[in-house]
Amino acid sequence: DENFKILSNIINSMRPFDGKREDVLCFTGRVDSLIPLLETVNDGLKEILLGSIQEKIIDRARNSLLRYGTLQTWLEIKEVLIREHGEKEAVETLIDKLRITKCVDTIEMFYTRVMTLLTRISNKQLLNHTSTPEMVESNNRIALLTFKNNLPEPVRTIVIARNPLNLVDAYSIVQETNTTK
């Protein structure tokens, strides 16, 4: 069956999910997008494909599923993954953490911390179905301001003078100045 081959290739190319909270929505979203396509293959092949999806769930995430016994459907699996590995902290708490994040080590590590918090905020809002374009813009603005305003001098002045529109652009400017350390 051609659809089976296509789906099998897609599933095989997926990154495994190991339980990292920032990856849970990406993984479950990818699988969600495949579910309608699974309906195009017969039940025997569908079982094989669902087994392949479950094999992509590894380490801590796999252990979480095992604690719940036999899960029959993707919806049951997804519910456990989100409950066990989704964001636990409130959006407001995460935004507060983002606002007070400082550059205490390398700029690269600082950027990673800011980006991770921004991702966690976005994921939590998506999980709560409270994400709006205005919220995304506000979160991105907070992340950018936090990053720019807490860079060490002279990098801070250079980045502010260049007036980047987003966090990724701001970090690109830092990289251009060759001062990520």
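Residues numbered from 1 in each chain as written. Predicted model: local features only at pLDDT ≥ 70, side-chain atom pairs only at ≥ 80, totals over all residues. Heavy atoms only, no water.

## Looking at the packing of helix 7 (residues 107-127) against helix 10 (residues 167-176)
Move 1: Packing of helix 7 against helix 10 brings their axes to within 11 Å, and their N-to-C directions diverge by 175°. Relative to helix 10, helix 7 is oriented roughly antiparallel. Across the interface between the two elements, I107, E108, Y111, V114, M115 and L118 of helix 7 pack against L167, V168, Y171 and V174 of helix 10.
Move 2: In the contact of helix 7 with helix 10, the residues fall into nine nonpolar, no polar and one charged. (Axes fitted to C-alpha atoms, helices over the stretch in contact; angles between N-to-C directions. Helix = DSSP H or I, 4+ residues; strand = E, 2+ residues; numbered from the N terminus. Parallel < 35°, antiparallel > 145°, perpendicular 65-115°, else oblique. Contact = heavy atoms within 4.5 Å. Nonpolar A, V, L, I, M, F, W, Y, C, P; charged D, E, K, R; others polar.)

## Examining the pattern of salt bridges
Move 1: In this structure the tally under the stated criterion is 15 salt bridges.
Move 2: Between D43 and K46 there is a salt bridge, with the nearest N and O atoms lying 3.6 Å from each other. Here the residue D43 and the residue K46 both occupy positions in helix 3 (residues 43-55), the gap between them amounting to three residues, near one helical turn.
Move 3: Connected via shared salt-bridge partners are R21, E87, E89, K97 and R120. (Salt bridge = Lys/Arg side-chain N within 4 Å of Asp/Glu carboxyl O.)

## A closer look at the environment of L66
Move 1: Among the structural elements, L66 can be located in helix 4 (residues 59-67).
Move 2: By relative accessible area, which is 59% here, L66 ends up exposed.
Move 3: Sequence separation between L66 and M115 is 49 residues; the distance between their C-alpha atoms is 32 Å. (Buried < 20%, exposed > 50% of the residue type's maximum accessible area, 1.4 Å probe, protein only.)

## A look at the side chain of D18
Move 1: By the secondary structure assignment, D18 is in the loop between helix 1 (2-13) and helix 2 (24-38).
Move 2: A distance of 3.2 Å separates a polar side-chain atom of D18 from the backbone nitrogen of K20.
Move 3: With sequence-adjacent residues up to four places away left out, D18 is seen in contact with I58, D59, R60 and A61. (Polar contact = N/O pair within 3.5 Å; in protein donor to acceptor, adjacent residues only side chain to side chain.)

## With respect to unusual backbone geometry
Move 1: With omega at 0°, the peptide bond leading from E153 into P154 counts as cis.
Move 2: In this structure, D59 takes a positive phi of about 55° despite not being glycine.
Move 3: Looking at where D59 falls in the secondary structure, it is placed in helix 4.
Move 4: Although it is not a glycine, N163 sits at a positive phi angle of roughly 50°.
Move 5: Its location among the elements puts N163 in the loop between helix 9 (155-162) and helix 10.

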